[in-house]
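# A structural walkthrough
This is what each chain is made of:
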Amino acid sequence: MTKQLYVARSPRIAARMLGEEMLVMSAQGSTLFTLNPTATVLWQNADGATPLDQIVESKICRAFEVTPDVALHDAEALAEDLAKHGILLISEQPISNTNSPEPERR
Amino acid sequence: MPSLAPQLELPSAVIAIGGIAVRVNTSDAVFLAMLEDRYAGFVSEQTHAEFEFDVDLYPPGIANPDADVSVTCDSGRWLIERGECRAEWQPALGRGRIRQTANPYSIDAVLRIVHTLALAEKGGFLLHSASAIRNRKAFLFAGVSGAGKTTMARLAPPDATLLTDEISYVRKLNGGYVAFGTPFTGELAKPGENTSAPVAALYLLAKGAENGIEPVAVAEAGRELLSNMLFFAEDSEMVHRAFQAACDFVQNVPVYRLTFVPDERVWELIG
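The text that follows walks through the structure, step by step, so that each part is easy to find. A quick note: this is a predicted structure, and the numbers were derived from the prediction, not measured. (Residues numbered from 1 in each chain as written. Chains lettered and ligands numbered in written order. Predicted model: local features only at pLDDT ≥ 70, side-chain atom pairs only at ≥ 80, totals over all residues.)

## Observations concerning the sheet that holds strand 3 (residues 43–44) of chain B
Residue and element names in this part refer to chain B. Convention followed: If DSSP finds at least two bridges between two strands, the strands pair. Counting from the N terminus, the helices are DSSP H or I runs at least four residues long and the strands are E runs at least two residues long. Residue pairs are scored as contacts if the distance between their C-beta atoms, which are placed from the backbone, is within 7 Å. In this analysis, axes come from line fits to C-alpha atoms, helices being fitted only over the stretch in contact, and the angle between any two N-to-C directions falls in the range 0 to 180 degrees.
Reading across the sheet, the 8 strands line up as 3-1-2-4-8-7-6-5 and stay open at both edges, with mixed pairing between neighbours. On the outer flanks of this sheet lie strand 3 and strand 5 (69–74), each paired with one strand and no other. Alignment of strand 1 (residues 12–17) against strand 3, held across 2 bridges, turns out to be antiparallel. Residue pairing in the sheet places Ile 15 in a bridge with Val 43 of strand 3. The strands that helix 1 (residues 29–38) touches are strand 1, strand 2 (20–25), strand 3 and strand 4 (51–57); relative to strand 1, the one it contacts most, it runs at about 20°.

Below is the structure:
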């Protein structure tokens, strides 16, 4: 049985939706990233409490019209990549008290 | 046991940039005269200063104006190191100490960093850009080295007031953005005028075969603004503030790509 994964926004980043693009800046090296649409949905819903497969099913599949199996596989790889850059936290347990920044949609 | 001797007041110069005054205390008359000359248009008669630095000079060495800068913060105490210069600063106390040789580059670097950090608290920033006032509106011209900042400043018509050819000073005031003149110079080696005006536009410079202006999408504007902002500290809170300041700015001020032929006709598009 596959373990559930939880994802949370890192507290060490700042983020803002500008136009149609999500800009994310990491305090580490003041590095700026622009998230693609899938990563943006993942990041916006990474609350540490909702399992990744639920985010995929309820948000990503709906937004991008992909099957859950394919989408989950891609989302796990994407989450790993975002975690490597310090943008997301990943755990097999719910993640709490991260002081994650709320996604801004101005 | 605390000393009962009265503290001697050192000779000092108050350097006010962007409405933020920094008092520099030094016992060295020659160094003080150098400061008063270098920052001539920005030396203030006011007695109050937000921040105050005591400067300890040590014998001349080889000052390297291109030395890397290190800015770190530990428990509210900032440490700024650049080449032979070492400065400590506690913003909450408004005081700091600089140890350096009697060269102009070190104090200049410290002032830029102090203003960068002070502005970040207020939603403002320093920007690698030329800026000028025309028709009571300020225009910023940003770009990396070689993009044309000095060229734009050099080509400015007589009715334009140059704020800087190198480092623009942007404050968020009363819900808008105001650009101030700075003494921080680039190739033109000419300090800006000590005046200010509301920011009307930011132009991202690009040299081309003909003059033209086109709007820049807000996300691209944000990326380019961030790449041109002066920023020194890897402190998480400061990074967050600088990022939000840049995003706020591009959501409230028009940003354009200014492609230009390097002659005076480009200013026909400005103002």
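We are not done yet, so read on.
## Re the environment of Thr101(B)
Tracing the chain through its elements places Thr101(B) in the loop between strand 8 (95–100) and helix 2 (104–120). Between the alpha carbons of Thr101(B) and Leu57(B) there is a distance of 5.2 Å; along the sequence they are 44 residues apart.

## Details of the environment of Asn103(B)
Relative to the elements of secondary structure, Asn103(B) occurs in the loop between strand 8 and helix 2. Each C-alpha atom of the pair Asn103(B) and Thr161(B) lies 29 Å from the other, and the pair is 58 residues apart in sequence.

## So, the pairing of strand 8 of chain B
Residue and element names in this part refer to chain B. Under the convention used in this document: We call a residue exposed when 12 or fewer other C-beta atoms sit within 10 Å of its C-beta, buried when the count reaches 20 or more, and partly exposed for counts in between; the C-beta positions come from the backbone.
Here strand 8 shows one buried face, formed by Gly 96, Ile 98 and Gln 100, and one open face, formed by Arg 95, Arg 97 and Arg 99. Where strand 4 meets strand 8, 6 bridges bridge the pair, whose relative direction is parallel. Paired with Val 55 across the strands is Ile 98, a residue of strand 8. Note: strand 7 (residues 85–90) against strand 8, 5 bridges, orientation antiparallel.

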